[in-house]
Amino acid sequence: MLDQSRTDALGDALYDALTSGKPTPKISALEPDSDIEDAYRIQLRMLQRRLDAGDTVIGKKIGLTSRAIQDALGVYQPDFGQVTQAMLFEDGATIDLGTLMQPRLEGELAFRLKSDLMGPGVTVTDVIRATDYVTPCFEIVDTRFDDWQIKIQDTVADNASCGVFVLGSAQADPRDLDLSLAGMVLEKNGEVIATGAGAAVQGSPVMAVAWLANTLGKLGIGLKAGEIILSGAQAPLMAVADGDHFTCEIAGVGKCEMRFKGEAQV
Amino acid sequence: MSFDTPKTLSDIAIERLAERVETAQRYATPIHKLTEDYPDLTVAEGYRVQTALRRSLEGRGQQVIGWKAGLTSKPKMAQMGVSTPAIGFLTDAMERPANSAISVSDLIHPRVEAEIAFVTKVELSGKVSAADVMAATDYVQPALEVIDSRFSGFKFDLESVIADNSSSARFVPGGRMVRPDALDLRTVGVVMEHNGQIAQIGAGAEVLGHPAEAIAMLVGVLDDIGETLPAGSFVMAGAITAAIPVKAGDTITARFYEMGSITVTLTD
């Protein structure tokens, strides 16, 4: 276990990488013995620096939800990060790649809560009843390290590799559709580039949100009414480039779209 | 695709190749791909072999009840260097009921795919659009296809696979029938479970952007080989996920958004 001065220093280094656009060495390389708890403390420090600079937390993201990513990292549980006001873009937004380092795009379902969820003991029924609506969403993941060859403590420390996200304007009541079988279609410049379904996320996005509530509950943290929860990628990560136009459509919910311009920093 | 290339293989040679494929199918014994003996075999000749096979099976009392499109995903097409699907015919003898046991002892190396099937209500012929297909569709429903290449090690080229009826072996209609305009087929999610574990996930748009696009292209290929698609045909649009290799004792369940599910158990 790393002492607090060390996790603070590593969190500061990640914050500096985020603000400067210059990558920082991986935690797994600098501190090979670090564990996931250390990584969450580093994440918390990086977040605190953002809040000190005036940002606010508006929700959470769940990562490492797909079998393929879990196999790649050898970690068989999800992780989470915090999403802030500064990361939020509206449906149809154009994102300047110059504000990101090594961005990749994911299509997923986001939940907006209408009541608090406090674990442990949160069930899928609790999640459905606490959900105001679900909406299609792009998460632009990013890494503040040298490259994407990262380990579990790296991605956790780096806010679960969250970059920015685009929230759809289409909304559906989760009681009106089968979130596990609802198909997702990702299109880039008018061509289908990937398809998936909610089942790709821990069997169902609702399961992933319940996992998050229960995991946070053990730490004494609740999910709050009004928070937005990004539930996890339903298809593999996609490369992005200047001029690309993406749509993400989910059965029974609707479509979200976005564009990219410029060049990434790394 | 143009099929008016000159005939290089005699009708007798075509018949012999069809017999070779039919024997491999009937006795579940693998053969080498046809291009090993006929390296210049063309796609048009592949379809001539397939047609000879169809005539032979009809002569034995099988009835052609529909067609299937294969190679309908963009990655598979790129891999095979084609721009249209490969098609194959379906007969009543290939049909198996949903939620039942299917023998694999008479198959070589079976694989299972989840698809959306179209049942037509008017004849489709010539070059048609996806909209024409939708207008000609009575209903759509889930289907499983058991494919089985008759070639050793599933190693084949486009010409050989077409001669082998595009690997058609068994098909299983099931789930819930839906009017074609009642659901956006692009976003129909499909989850395939292999022995209770999620094995494959996809959505309808995986098939050429929309499954009806594959049916339209299939009708175009039928036109190229001098056929039409009669009313009442059962037509499978192509795999929504990668094929799952199966063996006796396995269970496959495919669940479709708003269209129910199909389970099959494989037995000796």
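Residues numbered from 1 in each chain as written. Chains lettered and ligands numbered in written order. Predicted model: local features only at pLDDT ≥ 70, side-chain atom pairs only at ≥ 80, totals over all residues. Heavy atoms only, no water.

Chain B carries the name 2-oxo-3-hexenedioate decarboxylase in an unreviewed UniProt entry, which gives Donghicola mangrovi as its organism.

The name given to chain A in an unreviewed UniProt entry is 2-oxopent-4-enoate hydratase, and the organism recorded there is Donghicola mangrovi.

1. Brief notes about the overall build of chain A
Check the secondary structure of chain A and you find 7 helices and 13 strands. At 17 Å, chain A has a C-alpha radius of gyration in line with the 18 Å of a compact globule built from 266 residues. Taken along its principal axes, the extent of the C-alpha atoms in chain A is 50 × 45 × 35 Å. For chain A, buried positions account for 59% of its 266 residues. When the accessible surface of chain A is totalled, it reaches about 10400 Å², and 49% of it is carbon and sulfur. Taken as two groups, the 23 positive and 38 negative side-chain charges of chain A have centres that lie 2 Å from each other. (Helix = DSSP H or I, 4+ residues; strand = E, 2+ residues; numbered from the N terminus. Rg over C-alpha atoms; globule rule 2.2 N^0.38 Å. Buried < 20%, exposed > 50% of the residue type's maximum accessible area, 1.4 Å probe, protein only. Areas by Shrake-Rupley, 256 points an atom, 1.4 Å probe, with all protein chains shown as cover. Lys, Arg positive; Asp, Glu negative; His and termini not counted. Charge placed at Lys NZ, Arg CZ, Asp CG, Glu CD.)

2. Re the side chain of Thr72(B)
The residue Thr72(B) is located in the loop between strand S1 (64-70) and helix H3 (74-80) in this model. In this structure Thr72(B) touches Pro85(B), Glu206(B), Val207(B), Leu208(B), Ala214(B), Ala237(B), Gly238(B) and Ala239(B), once residues within four positions along its chain are discounted. (Contact = heavy atoms within 4.5 Å.)

3. Thoughts on the packing of helix H1 (residues 11-27) of chain B against helix H2 (residues 43-59) of chain B
Residues and elements named next belong to chain B. Where H1 contacts H2, the two axes come as close as 8 Å, and the packing angle between them is 65 degrees. In the packing of H1 onto H2, the handedness of the crossing is right-handed. Across from Asp11, Ile14, Glu15, Leu17, Ala18, Val21, Glu22 and Gln25 in H1, the residues of H2 making contact are Glu45, Arg48, Val49, Ala52, Leu53, Ser56 and Leu57. Class assignment for the residues of the contact of H1 with H2 results in 8 nonpolar, 2 polar and 5 charged. (Axes fitted to C-alpha atoms, helices over the stretch in contact; angles between N-to-C directions. Left-handed = near helix turned anticlockwise from the far one by under 90°. Nonpolar A, V, L, I, M, F, W, Y, C, P; charged D, E, K, R; others polar.)

4. What about the confidence of the model for chain B?
Taken over all residues, the pLDDT of chain B has a mean of 94, while the share at 70 or more is 97%. What the predictor reports for the complex is a pTM of 0.94 with an ipTM of 0.92. (pLDDT = per-residue confidence, 0-100.)

5. Some words on the sheet that holds strand S11 (residues 251-256) of chain B
Residues and elements named next belong to chain B. Here 5 strands make up an open sheet; going across it, the order is S3-S12-S11-S7-S8 and the pairing mixed. Either end of the sheet is taken by a strand with one partner, and the two such strands are strand S3 (100-103) and strand S8 (197-203). The mean angle between the axes of side-by-side strands here comes to 25 degrees, regardless of whether they run parallel or antiparallel. Where strand S7 (residues 189-194) meets S8, 6 bridges bridge the pair, whose relative direction is antiparallel. Considered in S8, the bridge of Glu193 is made with Ile198. (Pairing = 2+ DSSP bridges.)

6. Points about the interface of chain A and chain B
Each side of the interface is counted separately: chain A has 21 residues, and chain B has 17 residues. Between Lys74(B) and Glu191(A) there is a salt bridge; the shortest N-O distance is 3.3 Å. The interface formed by chain A and chain B contains 7 residue pairs in polar contact (both at pLDDT 80 or more). Looking at the side of chain A that touches chain B, the elements with two or more residues in it are strand S8 (183-188) and strand S9 (191-197) of chain A. The leading source of residues in the side of chain A that touches chain B is S9(A), at 6 residues. Across the side of chain A that touches chain B, the residue classes tally to 11 nonpolar, 6 polar and 4 charged. (Salt bridge = Lys/Arg side-chain N within 4 Å of Asp/Glu carboxyl O. Polar contact = N/O pair within 3.5 Å; in protein donor to acceptor, adjacent residues only side chain to side chain.)

7. Here's the deal with the sheet that holds strand S12 (residues 245-250) of chain A
Residue and element names in this part refer to chain A. The strand order across the open sheet built from 5 strands is S4-S13-S12-S8-S9, with neighbouring strands paired in mixed fashion. What marks the edges here is a single partner per strand, and that holds for strand S4 (94-96) and S9. Across the sheet, the mean angle from the axis of one strand to that of its neighbour is 20 degrees, orientation sign disregarded. Where S8 meets S9, 6 bridges bridge the pair, whose relative direction is antiparallel. Bridging across to S9, Met184 finds its partner in Gly196.

8. Description of the pattern of salt bridges
Counted under the stated rule, the structure contains 31 salt bridges over all chains. Glu139(A) is the partner of Lys61(A) in a salt bridge, and the nearest nitrogen-oxygen pair spans 2.9 Å. Residue Lys61(A) is found in strand S1 (residues 57-63), and its partner Glu139(A) is found in strand S6 (residues 131-141); the two are separated by 78 residues along the sequence. On the basis of relative accessible area, Lys61(A) is assigned to the buried category, the value being 3%. A relative accessible area of 0% means that Glu139(A) is categorised as buried. Of the charged contacts, one joins Asp184(B) and Arg186(B) as a salt bridge, the two residues approaching to 3.9 Å between their closest N and O atoms. Taking relative accessible area as the criterion, Arg186(B) reaches 15% and is therefore assigned buried. The network of salt bridges with common partners includes Asp8(A), Asp12(A), Arg45(A) and Arg49(A).

9. Comments concerning H1(B)
All names here are of chain B. For H1, spanning 17 residues, the distance from its first C-alpha to its last is 24 Å, which sits close to the expected 24 Å at 1.5 Å a residue. Of all the residues in H1, the buried ones are Ala13, Ile14, Leu17, Ala18, Val21, Glu22, Ala24 and Gln25. Along its buried surface, H1 packs onto H2 and helix H5 (158-163). Once H1 finishes, Ala28 follows within two positions and takes phi at roughly 50 degrees, a positive value. (Expected span 1.5 Å × (residues − 1).)

10. With respect to helix H7 (residues 205-218) of chain A
Residues and elements named next belong to chain A. The terminal C-alpha atoms of H7 lie 20 Å apart, and with 14 residues this matches the ideal 20 Å at 1.5 Å per residue to within 8%. Counting buried positions over the 14 residues of H7 gives 12, a clear majority of the element. Of all the residues in H7, the buried ones are Pro205, Val206, Ala208, Val209, Ala210, Trp211, Leu212, Ala213, Asn214, Thr215, Leu216 and Gly217. Each element contacted by the buried residues of H7 is listed here: S1, strand S2 (79-84), strand S5 (104-113), helix H5 (124-130) and strand S10 (228-233). Directly after H7, the chain includes Gly220, whose backbone phi takes a positive value near 80 degrees.

11. As for the environment of Leu185(B)
All names here are of chain B. In this fold, Leu185 is placed in the loop between strand S6 (168-173) and S7. Given the relative accessible area of 1%, Leu185 is considered buried. On a C-alpha basis, the gap between Leu185 and Arg26 in space is 35 Å, while along the polypeptide they are 159 residues apart. Excluding anything up to four places from it in sequence, Leu185 contacts Ile116, Phe118, Met134, Val140, Gly204, Ala205, His210 and Pro211.

12. A look at the UniProt feature "domain: Fumarylacetoacetase-like C-terminal" (unreviewed entry) in chain B
Taking the UniProt record as the reference, the feature "domain: Fumarylacetoacetase-like C-terminal" (unreviewed entry) is found at residues 109-265 of chain B. End C-alpha to end C-alpha, residues 109-265 of chain B measures 15 Å, and it is 17% helix and 38% strand. (UniProt positions renumbered as here; feature names shortened; annotations may be inferred.)

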